[in-house]
Amino acid sequence: MTDFEITKENFCQFTNGKKYNTIYADPPWQFRNRTGKVAPENKKLMRYETMTLDDIKALPVSEIAGDKAHLYLWVPNALLPDGLAVMDAWGFEYKGNIVWEKVRKDGGPDGRGVGFYFRNVTELILFGIKKKSAPNRTLQPARSQVNLIRAMKREHSRKPDEIIPIIEACSQAPRIELFARGVREGWDMWGNQATADYEPTWSTYANHTVAQIEKAKRETQGYRQEAI
C-alpha cells in the first residue's frame, strides 16, 4: 500500500497535466442497503476504503482525457445508474458495455455472487467516448471483438487480467488505470494499491489466499480464455 489518500488533489499531482487516450477505472463503489445505510457487508468485508458517488464524480477525469479518449468503467450490476452518472460527470458519452461472466475452474458459472433479486455471476464494463469529440471509433481489432469475457474470480473485487489485451487492442495509448492494483508495463497506474509489490493479504473465498492463487495459476496454466 502506498501512503497517499485517494483524493482530487493527489489525482492532479499524479497526472500532472498528461492526457490519455485510454482511461480504465474500477472505482471503490459504496453500496447501501434498503434502509439507505452503508451495506453491512462493507463492515464485514472492509478490504479497502470506499468512496461516495459524489466523491467519485468529483475526480477531474475529464481534464486528463485526450481528444479521442475512451473510458472503460467497471460498475456492479446494482449500481448501473451510478456508473452512467459517473461516466457523464467525467465527460464521456456511453456507447456500450463488456460483460464479465465469472466462471469456475470447469468453465461453469460461479454461483457465489450476491444480490437482493438475482445471484450475480456477471459484472459490467461501461464503454464511452469523450463528449463532443471528433470521430472516435475503436481500433480495427474491435470490429471482431465480442463484448463478453469469461474468467475466474480472484480476490475480492479484483478484475480479470483478460480484459487488458482487449483494451490495448481496441483503444490507443497513452493509457492509465485508475484505482489500480499492482503495476503494468506501458500504463500509468494510479491508486493506493498501485505498487510493484502489491499482494492481497486477505481472501474472499477459501481458495483465494495468496498461496492458493499461485497454486491455481500453476494448475490452470493456459486456461485463461480469449474473449468469445
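Scroll up a little and you will see the structure.
Residues numbered from 1 in each chain as written. Predicted model: local features only at pLDDT ≥ 70, side-chain atom pairs only at ≥ 80, totals over all residues. Heavy atoms only, no water.

**Q** I keep staring at the overall build of the chain and nothing clicks. Help me out?
**A** Along the chain, the regular secondary structure elements total 6 helices and 7 strands. Mapped in sequence order, the helices and strands of the chain form the string α-β-α-α-β-α-β-β-β-α-β-β-α. In the chain, of all internal contacts separated by at least 6 residues, the share reaching a separation of at least 24 is 72%. Approximately 12600 Å² of the chain is accessible, and the part contributed by carbon and sulfur atoms is 51%. (Helix = DSSP H or I, 4+ residues; strand = E, 2+ residues; numbered from the N terminus. Contact = heavy atoms within 4.5 Å. Areas by Shrake-Rupley, 256 points an atom, 1.4 Å probe, with all protein chains shown as cover.)

**Q** For this particular structure, what's the right way to read helix α4 (residues 80-89)?
**A** One turn of an α-helix holds 3.6 residues; hence residues three or four places apart share an orientation. If you check which residues of α4 are buried, you get G83, V86 and M87. Buried residues of α4 fall within an arc of 100 degrees about the axis and therefore sit on the same side. In this structure, the buried side of α4 is in contact with α3 (53-58), β2 (65-75), β3 (92-102) and β4 (122-130). In the stretch just after α4, G91 is the one whose phi turns positive, near 90 degrees. (Buried < 20%, exposed > 50% of the residue type's maximum accessible area, 1.4 Å probe, protein only. Arc of directions from axis to C-beta.)

**Q** Any chance you could explain the pattern of salt bridges here in plain terms?
**A** On inspection of all chains with the given rule, the structure shows 9 salt bridges. Here K18 ties to D188 by a salt bridge, and the two come within 3.0 Å at their closest N and O atoms. With a gap of 170 residues between them, K18 in the loop between α1 (8-15) and β1 (20-25) and D188 in strand β7 (residues 187-190) connect regions that are remote in the sequence. Taking the relative accessible area as the measure of exposure, K18 reaches 35% and is therefore partly exposed. Residue D188 is classed as partly exposed on the basis of its relative accessible area of 24%. Within this structure, D26, K102, E123 and K159 form a network of salt bridges that share partners. (Salt bridge = Lys/Arg side-chain N within 4 Å of Asp/Glu carboxyl O.)

**Q** Looking at this structure, how should I read the environment of A169?
**A** Relative to the helices and strands, A169 resides in helix α5 (residues 163-170). The exposure class of A169 is partly exposed, given its relative accessible area of 29%. Through-space distance from the C-alpha of A169 to that of P141 is 6.1 Å; in sequence the pair is 28 residues apart.

**Q** Would you take a moment to explain the nonpolar core for this structure?
**A** The nonpolar side chains of soluble globular proteins are, as a tendency, buried together. Of all hydrophobic cores here, the largest spans 26 residues; its most connected members are I23, L59, V61, L73, W90, F92 and L178. Broken down by secondary-structure element, the contributors of at least two residues to this core are β1, β2, α4, β4 and β6 (175-178). Considering each element in turn, this core owes the most residues, 5 residues, to β2. Apart from the residues within four sequence positions on either side, L178 is in contact with F11, I23, Y24, A25, D26, V61 and W190. Counting residues in hydrophobic clusters, the runner-up holds 20 residues, among them I98, W100, I167 and W187. (Core = buried A, V, L, I, M, F, W, Y, C linked by side-chain atoms within 4.5 Å.)

**Q** Looking at this structure, I do not really get unusual backbone geometry. What am I missing?
**A** Among all residues save glycine, negative phi is the norm, and among peptide bonds the norm is trans. The step from A173 to P174 runs through a cis peptide bond, and the omega angle for that step is -5 degrees. If you trace the backbone, P174 turns up in the loop between α5 and β6. Located in the positive-phi region is N16, a residue other than glycine, with phi close to 50 degrees. On the secondary structure map, N16 appears in the loop between α1 and β1. We classify N16 as exposed; its relative accessible area is 64%. Positive phi is not limited to glycine here, since F179 has a value of about 60 degrees. For F179, the position within the fold is in the loop between β6 and β7. Judged by relative accessible area, which is 8%, F179 ranks as buried.

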